[in-house]
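# Overview (structure and organization)
Okay, here's what each chain looks like letter by letter:
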Amino acid sequence: MPQSSSKNKNDSTATPVSATATAPAMKPPNDVIAGAAGRAISQSTIHPIDTIKVRMQTGGLMRGGGFLKNAQSLYRGVGGAGTGAGIAIGTYYAFYGSTLRLLRDHMGLPIGTAAFAAGATGAVGSSVVKVPLAVCIRSVQAGVYPNFITAAREISGAAGVR
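These numbers were taken from a predicted model, which means no experiment stands behind them.

## A short note on the overall build of the chain
Along its length, the chain carries 4 helices and 0 strands. In sequence order, the chain lays out its α and β elements as α-α-α-α. Put simply, the chain has 162 residues, and 29% of those count as buried. In the chain, the proportion of contacts linking residues at least 24 apart, taken out of those at least 6 apart, comes to 55%. Taken as a whole, the chain presents about 10300 Å² of accessible surface, with 64% of it coming from carbon and sulfur.

Structural data, given as structure tokens:
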């Protein structure tokens, strides 16, 4: 984008500043990887707090000797939660980026409209991954299953893929 030079405003050789802004070029693999890594880290950080919330909702906070005795159990399932959150948000960014490019570049929609529609598409697309992962994560946090893999295997075996 051209910028103004530091010359006098009355000088006709000054380069004008562009009046229209363009959206930066998207880098889908970078967006997906960065989004997935960021979400995995944030999910791992808030996992113990989320576990307390789930246990309070299920009445299992004081089970097995009390809160402080089981503080280590607050991290049970953190690997699956972090990985699952990273996969889910990576899926969101993949849908979002692809849809945004399609709507903006091939259909000529304004960037605001395209971004809104791409966000909705990303949310719907990632829910195919996010919802089953959330069921498994909450089941581990509530103490129903010992780990994420067991939860996924048992739940999908009992309910099947829908």
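## Looking at the environment of H47
For H47, the position within the fold is in helix α1 (residues 28–58). Each C-alpha atom, one on H47 and one on V78, is 6.3 Å from the other, the two residues being 31 residues apart in sequence. Beyond its immediate sequence surroundings of up to four residues, H47 is in contact with L74, Y75, R76, G77, V78, A81, I137 and Q141. Side chain to side chain, H47 and Q141 meet in a polar contact 3.5 Å long.

## Let's talk about the confidence of the model for the chain
Mean pLDDT over the chain: 77, with 75% of residues reaching 70 or higher. Mean pLDDT in the chain bottoms out at α1, which sits at 81, and peaks at helix α3 (residues 111–141), which reaches 89. In the predicted structure, residues 1–8 sits below a pLDDT of 50 and forms 12 contacts with residues beyond four places in sequence or in another chain.

## Details of the pattern of salt bridges
For the structure shown, the criterion picks out 3 salt bridges. The partner of D50 in a salt bridge is K53, with the nearest N and O atoms 3.1 Å apart. Of this pair, D50 and K53 both sit in helix α1, 3 residues apart, which is roughly one turn of that helix.

Rules behind the numbers
- Residues numbered from 1 in each chain as written.
- Predicted model: local features only at pLDDT ≥ 70, side-chain atom pairs only at ≥ 80, totals over all residues.
- Heavy atoms only, no water.
- Helix = DSSP H or I, 4+ residues; strand = E, 2+ residues; numbered from the N terminus.
- Buried < 20%, exposed > 50% of the residue type's maximum accessible area, 1.4 Å probe, protein only.
- Contact = heavy atoms within 4.5 Å.
- Areas by Shrake-Rupley, 256 points an atom, 1.4 Å probe, with all protein chains shown as cover.
- Polar contact = N/O pair within 3.5 Å; in protein donor to acceptor, adjacent residues only side chain to side chain.
- pLDDT = per-residue confidence, 0-100.
- Salt bridge = Lys/Arg side-chain N within 4 Å of Asp/Glu carboxyl O.

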